[in-house]
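Below are the chains, spelled out letter by letter.
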Amino acid sequence: MAEWRLFRGWSGEELRARLERLPALAVNFEGVEDDMTGDRGWHHYYSEAVVAIEPDGDAMFSRARQAVATYQFSQPEIVVAHLDPSTPLLLRRLLLEIRVLGLRYLCPAMVTRVRDEPRVFGFRYDTLQGHLERGVEWFLLSKQPGGEIRFRIEARWKRGTFPNWWSRLGFILLANRYQQRWHREAHRRVSMLAHYGSLAPPPRDAAGLTHGGLNVVFTYHTRRGR
C-alpha cells in the first residue's frame, strides 16, 4: 500500500532508494486498456485543450514536449513526480507524490507506452503495487495541420489499496474535485511552458533526480517599440 507522511515529504536520497526498488514491483491491475470500460467497473475520464497555436516552426511544440516528457505540467500543490531523467522514457519508473490537506502519499508507476512522432508525442503510465489507484493514464501532445497544439489527458482506473480507512474516505469525498482542478492546471501549465518555457532539461537535485511540477522555468522575451 502507499507510503504516507503528514506535513513533510521525502529527501532526495530517500526517494532515490525507493525508486531503485520499483523494478521489483508489478502492475497492480489486470486488463487491457480497450477492455477497461464502465460495464466492467472502470472509471474513464479525459480532458483536452488547445494549449498553443503555431502555424510556422516547432519552437512551442518542442517546449511543450519537454514539459510533458518531464512531467512539468503537473500542479505541485496536488501531484509532484519524482524521477531519474537519465533513464529512458519507456519503462521509466515514477514516484507520484500526491498531496492533499497536509497528507503526502507516494504512488509508484511505470511508463509502458511512448508515442514519439513528428506531430505527436506522449506516454502512458501504468500504476504499480502500492498506488492509490489501479489503471492507466495517457498524456498526449499533438499538433494539428493548422498549427493548433492540443494536450490530452485520459485515464482508466479503479480504486487501489489505501493505508487506512480515513484515507479511503477522503479519496471518495475529494478525488473528483482534486482531479478536475489538476486537469485544469495541467492544461494551463503546458500552455505557459509552450509559450515561455525552456528547452533545457529541469535541474537535478543532489541525488540526481528531478521533481516534475516544481522546476518550471519561464523565459520571457520582450521587444521595445520604436
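Our structure is the block above this text.
The written sequence of each chain sets the order in which its residues are numbered from 1. Where local features are concerned, this predicted model is filtered to residues with pLDDT of at least 70; where side-chain atom pairs are given and counted, the filter is 80 or more; whole-chain, interface and lining totals use all residues. Based on all heavy atoms of the structure, the side-chain values leave hydrogens and waters out of the count.

> Report on the environment of P203, specifying residues and quantitative values.
Looking at the secondary structure, you find P203 in the loop between α3 (165-196) and β9 (210-212). A C-alpha to C-alpha distance of 20 Å links P203 and A186, two positions 17 residues apart in sequence. The secondary structure listing takes helices from DSSP runs of H or I that are at least 4 residues long and strands from runs of E that are at least 2 residues long, numbered from the N terminus.

> I'd like a rundown of the pattern of salt bridges, residues and numbers included.
We count a salt bridge whenever a side-chain nitrogen from Lys or Arg sits within 4 Å of a carboxyl oxygen from Asp or Glu. For the coordinates displayed, the defined rule picks out 19 salt bridges. In this structure, E3 and R18 form a salt bridge, with 2.8 Å as the shortest nitrogen-oxygen distance. Of this pair, E3 sits in strand β1 (residues 3-6) while R18 sits in helix α1 (residues 12-21); the two residues are 15 residues apart in sequence, bridging distant segments of the chain. According to the relative accessible area criterion, E3 is partly exposed, its value standing at 29%. Here E48 and R152 are joined by a salt bridge, their closest N and O atoms 2.8 Å apart. In this pair, E48 sits in strand β2 (residues 43-53) while R152 sits in strand β8 (residues 148-159), placing the two residues 104 residues apart along the sequence. Note on exposure labels: buried denotes an accessible area under 20% of the residue type's maximum, exposed denotes more than 50%, and partly exposed covers the range between, all computed with a 1.4 Å probe on protein chains only.

> Tell me about α1, and please be specific about residues and values.
Within α1 the residues assigned to the buried category are L15, R16, R18 and L19. Seen from one end, α1 has its buried residues packed into an arc of 170 degrees, which puts them on one side. Of the exposed residues in α1, the ones pointing more than 90 degrees away from its buried face are E13 and E20. We call two residues in contact when some of their heavy atoms are within 4.5 Å. Here the buried face of α1 lies against β1, β3 (79-83), β4 (93-100), β5 (103-117) and β9. To obtain the arc, one takes the directions from the helix axis to the C-beta atoms.

> An account of unusual backbone geometry is needed here, citing residue identities and associated values.
Located in the positive-phi region is Y71, a residue other than glycine, with phi close to 60 degrees. On the secondary structure map, Y71 appears in the loop between α2 (59-69) and β3. With a phi angle near 55 degrees, L101 is a residue other than glycine that sits in the positive phi range. Inspection of the secondary structure puts L101 in the loop between β4 and β5.

> Give a description of the nonpolar core that names residues and reports values.
Only buried Ala, Val, Leu, Ile, Met, Phe, Trp, Tyr and Cys residues count toward a nonpolar core, and they belong to the same one when joined by side-chain atoms within 4.5 Å. Counting 44 residues, the largest nonpolar core has Y71, F73, L96, F139 and F151 as the members making the most contacts within it. For this core, the element with the highest residue contribution is α3, accounting for eight residues. Setting aside its immediate chain neighbours within four residues, L96 contacts Y71, V79, V80, A81, Y105, L106, C107, A109, Y125 and H131. Within the second largest apolar cluster, eight residues are counted, among which are L15, L19, L106 and A207.

> Describe in detail the environment of V111, supporting the description with residues and values.
If you trace the backbone, V111 turns up in strand β5. Each C-alpha atom of the pair V111 and L94 lies 7.9 Å from the other, and the pair is 17 residues apart in sequence.

> Describe the side chain of R124, naming the residues involved and giving the relevant values.
Take R124: it is sitting in strand β6 (residues 120-127). Residue R124 is classed as buried on the basis of its relative accessible area, which comes to 7%. Within the structure, the side chain of R124 is placed 2.9 Å from the side chain of E33, a separation counted as a polar contact. Nitrogen and oxygen atoms within 3.5 Å of one another constitute a polar contact, given that in protein one can donate a hydrogen and the other can accept it, and given that sequence-neighbouring residues count only through two side-chain atoms.

> Help me get a handle on the packing of aromatic side chains, residues and values and all.
Classification of ring pairs rests on two measures: the distance between centres of Phe, Tyr or Trp rings, Trp counted by its six-membered ring, which must be within 6.5 Å, and the angle between planes, read as stacked under 30 degrees, edge-to-face over 60 and tilted in between. Counting across every chain of the model gives 13 aromatic pairs. Taking 5.6 Å as the distance between ring centres and 75 degrees as the angle between the ring planes, the aromatic pair formed by Y71 and F139 counts as edge-to-face. Residue Y71 is located in the loop between α2 and β3, and its partner F139 is located in strand β7 (residues 133-143); the two are separated by 68 residues in the primary sequence. Residue Y71 is classed as buried on the basis of its relative accessible area of 3%. Taking the relative accessible area as the measure of exposure, F139 reaches 0% and is therefore buried.

> Before we move on, can you summarise the pairing of β3 with the specific residues and values?
The side chains of a regular strand alternate between the sheet's two faces. Of all five residues making up β3, five are buried, and the element is well covered by its neighbours. The alternating pattern of β3 places V79, A81 and L83 and V80 and H82 on opposite faces, both of which are buried. Both β3 and β4 contribute to a ladder of four bridges, which runs antiparallel. Bridging across to β4, V79 finds its partner in I98. Strands are labelled as partners when DSSP assigns at least two bridges between them.

> Could you give an account of the packing of α2 against α3, naming the residues involved and the relevant values?
The geometry of α2 relative to α3 is characterised by a closest axis approach of 7 Å and an angle of 130 degrees between their N-to-C directions. By the angle between their axes, α2 is oblique relative to α3. The way α2 lies across α3 gives a crossing that is right-handed. When α2 is examined against α3, the residues M60, R63, A64 and A67 are found in contact with a partner set consisting of V190, L193, A194, H195 and Y196. Classification used: nonpolar for Ala, Val, Leu, Ile, Met, Phe, Trp, Tyr, Cys and Pro, charged for Asp, Glu, Lys and Arg, polar for all others including Gly. Taken together, the residues that form the contact of α2 with α3 break down as seven nonpolar, one polar and one charged. Think of each axis as a best-fit line through the C-alpha atoms, taken over the contacting stretch in the case of a helix, with angles from 0 to 180 degrees between the N-to-C directions. By definition in this entry, angles of less than 35 degrees are roughly parallel, angles greater than 145 are roughly antiparallel, angles of 65 to 115 are roughly perpendicular, and the rest are oblique. Handedness of each helix crossing follows the sense of rotation of the near helix against the far helix: counterclockwise by less than a right angle gives left-handed, clockwise gives right-handed.

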